[in-house]
Amino acid sequence: MAGQDQETYWTVVAIPDTQFYAASTDLASYATDQTDWIVDNLDSESIQFVTHEGDLVDDGGSEQEWDRIDATMSTLDGAVPYSVLPGNHDWAVTNDKSSSTANYTEYFGQSRFEDRSWYGGAGPGDDGRNSYQLFSAGGYDFLHLALEWEPAGTASEPSTPLGWAQSIIDEYPDRPTIVTTHSYLRDDGGRTSSVQDRSDDANTGEAVWQELIEPNPQIFMVLNGHWHETDGENHQVSTNRADLPVYEIVADYQDRANGGNGWVRLLQFVPGGGREAADRIRVRSYSPSLDEYETDSDSEFTFDLDFDSRFSSREDGSEQISFQQGSDGYSGTVDTTLAEAEPNQSFNTAGGVTVDTQEPHSTDNRTQALLRFNDIIGNDDGQVSPGTTIESATLTVETTDEGDGGVGHRMLTDWNGEDTWVSLDGGIEPDGNEATTDPEFETGEISTGTTSIDVTQSVQQWINGEPNYGWAVLPLGDNGWDFATSNSDTPPKLTISYDPDADNSSDQSERISLQQGSDGYSATVDTNLRENEPEQSFSTAESVTIDTQDPHSTNNEAQALIRFDNLIGDGGQQLPPDAIVEDATLTVETINDGDGGAVHRILTDWSGEDTWTSLDGGIQADGNEATTDPEFETGEVPEGSTSIDVTRSVQQWADGAQNDGWAVLPLGDDGWDFMTSNSDTPPQLTVSYVSEKQQSEQ
């Protein structure tokens, strides 16, 4: 029986897809067992909230199935706050959002819940397909968002599910937030990268992450069902734009015996129960029908976090300020295009800018964009005070034509909106004189709609005293990216979050960036190990492949090795021994999307000349050749710039462990290729840290 642990905790119960229970009189009891157990154990498990992850029924057009699941879920009415949402099977036609949700609305629409004190409301015009709930537990007031299968829209469109969700988050900015949707994280790895909705009124899991989850630091957990490609379970920890963890968890047991054997997820919140942080979230998988727990690593696991640290700081005075042309009297945005094909033309009054390596197409003429927000720093109302330590800064632009995106460099020289390609001597060069050598951001490929870009690093430097000349956005490819300017109806927006009462006197974080050929650095070592070519060295190759089948339809594995030598030391562009690493990011240029890789810290020496054979059959993640647990798993990787959190590895090297770099081992048979140190876009390691001396001064 659940609830045997003696420590104090409270629980959220997640009910995965119940579709097969609703579809069969023989299996209906498994769903009944779930809700009966919840009500019977409200006190012993301290159950504070229940969330259904969608696919209540198998056939959205069958009233008989809706009757069955209605009877089951009615057990919860008046007993505990709960939410439901429609999965792809809850529409009249599966996988077609243009079909009807009349049955869902009749049984589980807004009218079912509107008299409940904990029910916040429904999305605009959808009568309950999207909804929010408010509940309290553990001394905190929580917000829960229940979002339909593949919720559509963007965060800036309040008439869409994602825009509505953003408006609710804005209404309750201080509440820790859990999001439940139907399809988001796959059980076989990574967020979804393609939509299944035939009407195409939908977003992928990755788009939901970028639009809603990543920009909002109060969202700490995302739950979903739907995916059952392997065993129906998976979890990962992602880092949002505020550098805070987000716990993403999928569960769907429908492929198991009896439509799922009644398994549910118990999310047990244990105040004071953590080791790496103050509190703990313990996830357990339990079947009331079997009265059994499942205890493998995908079924029972924990996350440690400090609720007070994460959620009290914003309540204690964190503020947010936005700058957008024409909003609240602000008029300081300057932006323009520099066009090589029209070298003397000024574009300061244009409604959009273009970033492209071929403009017009099939030429070698480039276009660049310049953008600056004037008067953002000062001591007047509506400005950020000099010396403030900011929590985040986000540049939001409206993309009007999707494309390869751009790379943003902080400008180091002054310019004005009247400038042209000629007046700036052939556009902007990221040479350390006109603009920074290292980019402040890279967007990767961009879709039409709202695009959010992390510019915290630039804005912090301006606040610390560097001149604010804005950014040069240089093209990443020949598929041009267009976005709206300050002259349009959707001008760029800069949003800065900071704590005005924080003591900023001791912020002495420093940053190094290592990349082959940049600022004199030349110590990157990388290579491929290929089982298919076991004696071949790939030390001079311009790219590496990570794959479980190389070539395809074989069992030959391909692995990548990468190391940044001379990382630790007391010289310039070195990480001091015993430094506290705040953040370390490995950035690689993906040239062929795929299933991605698991990054393991290597525990033995190797050289670029090594082969599959010389390393005795590649690298094994066995605790001897490389760490057993991965430092990072990428999930599915799209083409473009790929960022990988390697903070844990770099900290261990700073603490004295030998730097043998990483082995990148494949996650699947859809090979992932990225560029090496021999290419024009070599891997880059960026580390933010506080030195031992700075620690003592603080």
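Above: the structure in question.
What comes next concerns the included structure.

Rules behind the numbers
- Residues numbered from 1 in each chain as written.
- Predicted model: local features only at pLDDT ≥ 70, side-chain atom pairs only at ≥ 80, totals over all residues.
- Heavy atoms only, no water.
- Helix = DSSP H or I, 4+ residues; strand = E, 2+ residues; numbered from the N terminus.
- Buried < 20%, exposed > 50% of the residue type's maximum accessible area, 1.4 Å probe, protein only.
- Contact = heavy atoms within 4.5 Å.
- Areas by Shrake-Rupley, 256 points an atom, 1.4 Å probe, with all protein chains shown as cover.
- Lys, Arg positive; Asp, Glu negative; His and termini not counted.
- Charge placed at Lys NZ, Arg CZ, Asp CG, Glu CD.
- Polar contact = N/O pair within 3.5 Å; in protein donor to acceptor, adjacent residues only side chain to side chain.
- Phe/Tyr/Trp six-rings, centres within 6.5 Å; stacked < 30°, edge-to-face > 60°.
- 1 Å grid on protein atoms, 1.4 Å probe; cavity = no way out; pocket = protein on both sides within 12 Å on 5 of 7 lines; lining within 4 Å.
- Points joined across faces, edges and corners; volume = space filled by probe spheres on them.
- Nonpolar A, V, L, I, M, F, W, Y, C, P; charged D, E, K, R; others polar.
- Patch = residues over 30% accessible without salt bridge, like charges linked within 9 Å, V, L, I, M, F, W, Y side chains within 5 Å.
- Salt bridge = Lys/Arg side-chain N within 4 Å of Asp/Glu carboxyl O.
- Pairing = 2+ DSSP bridges.

Okay, the overall build of the protein next. Along the protein, the regular secondary structure elements total 11 helices and 36 strands. In terms of principal-axis extent, the alpha carbons of the protein reach across some 75 × 65 × 55 Å. The buried share of the protein, reckoned over its 698 residues, is 56%. Long-range contacts, defined here as pairs at least 24 residues apart, represent 77% of the contacts in the protein between residues at least 6 apart. Accessible surface, the protein as shown: approximately 27,300 Å² in total, 39% of it carbon and sulfur. In the protein, the 28 positive side-chain charges and the 134 negative ones have mean positions that sit 5 Å from each other.

Moving on, we come to the side chain of Gln 133. With respect to the secondary-structure elements, Gln 133 resides in strand E5 (residues 131-137). Within the structure, the side chain of Gln 133 is placed 2.9 Å from the side chain of Ser 131, a separation counted as a polar contact. Of the polar contacts made by the side chain of Gln 133, one reaches the side chain of His 144; its length is 2.8 Å. Beyond its immediate chain neighbours, meaning those up to four positions away, Gln 133 contacts Phe 49, Tyr 82, Ser 83, Trp 118, Tyr 119, Gly 120, Phe 142, Leu 143, His 144 and Ala 146.

To continue, consider the packing of aromatic side chains. As enumerated under the stated definition, the model contains 36 aromatic pairs in all. Relative to Phe 135, the ring of Phe 49 lies with its centre 4.7 Å away and its plane at 10 degrees, an arrangement referred to as stacked. Here Phe 135 lies in strand E5 and Phe 49 lies in strand E2 (residues 47-52), a separation of 86 residues in the sequence. Among the residues examined, Phe 49 registers a relative accessible area of 1% and is labelled buried. Between Trp 91 and Trp 149 the ring centres are 5.8 Å apart and the planes differ by 65 degrees, which places this aromatic pair in the edge-to-face class. You can see Trp 91 sitting in the loop between strand E3 (82-83) and helix H4 (102-108) and its partner Trp 149 sitting in the loop between strand E6 (140-146) and helix H6 (161-171), a full 58 residues away along the chain.

Moving on, we come to the layout of surface pockets. Taken as a whole, the second largest pocket spans an internal volume of roughly 230 Å³. Taken together, 13 residues line the second largest pocket, and the ones lying closest to its centre are Arg 410, Thr 436, Asp 438, Gln 457 and Arg 511. If you list the elements that add at least two residues to the lining of the second largest pocket, you get helix H9 (456-463) and strand E26 (510-515). With three residues, the top contributor of residues to the lining of the second largest pocket is E26. Taken together, the residues that form the lining of the second largest pocket break down as two nonpolar, six polar and five charged.

A few words now on a negative patch on the surface. Together, Asp 401, Glu 402, Glu 445, Asp 593, Glu 639, Asp 669 and Asp 670 give the surface a local cluster of negative charge. Summarising the element assignment, Glu 639 is placed in the loop between strand E32 (632-633) and strand E33 (640-645). For Glu 639, a relative accessible area of 37% corresponds to the partly exposed category.

As a further point, take the sheet that holds strand E23 (residues 471-475). Within the open sheet, the five strands sit side by side as E16-E18-E23-E20-E21. Their pairing is antiparallel. If you trace the sheet from one side to the other, it starts and ends with strand E16 (333-339) and strand E21 (441-442), each paired once. Alignment of strand E20 (residues 406-410) against E23, held across five bridges, turns out to be antiparallel. By the bridge assignment, His 409 is partnered in E23 with Ala 472.

Right, let's get into unusual backbone geometry. Cis geometry marks the peptide bond from Glu 359 to Pro 360; its omega dihedral reads 5 degrees. Residue position: Pro 360 is located in the loop between strand E17 (352-355) and strand E18 (367-373). Omega for the bond connecting Asp 550 with Pro 551 falls within 30 degrees of zero, at 0 degrees, which places this linkage in the cis form. In this model, Ser 46 sits at a positive phi of 50 degrees, which is unusual for a non-glycine residue. Relative to the helices and strands, Ser 46 is located in the loop between helix H2 (28-40) and E2. Of note, Asp 291 is a non-glycine position whose phi angle comes to about 50 degrees, a positive value. For Asp 291, the location among the structural elements is in the loop between strand E12 (279-287) and strand E13 (292-294).

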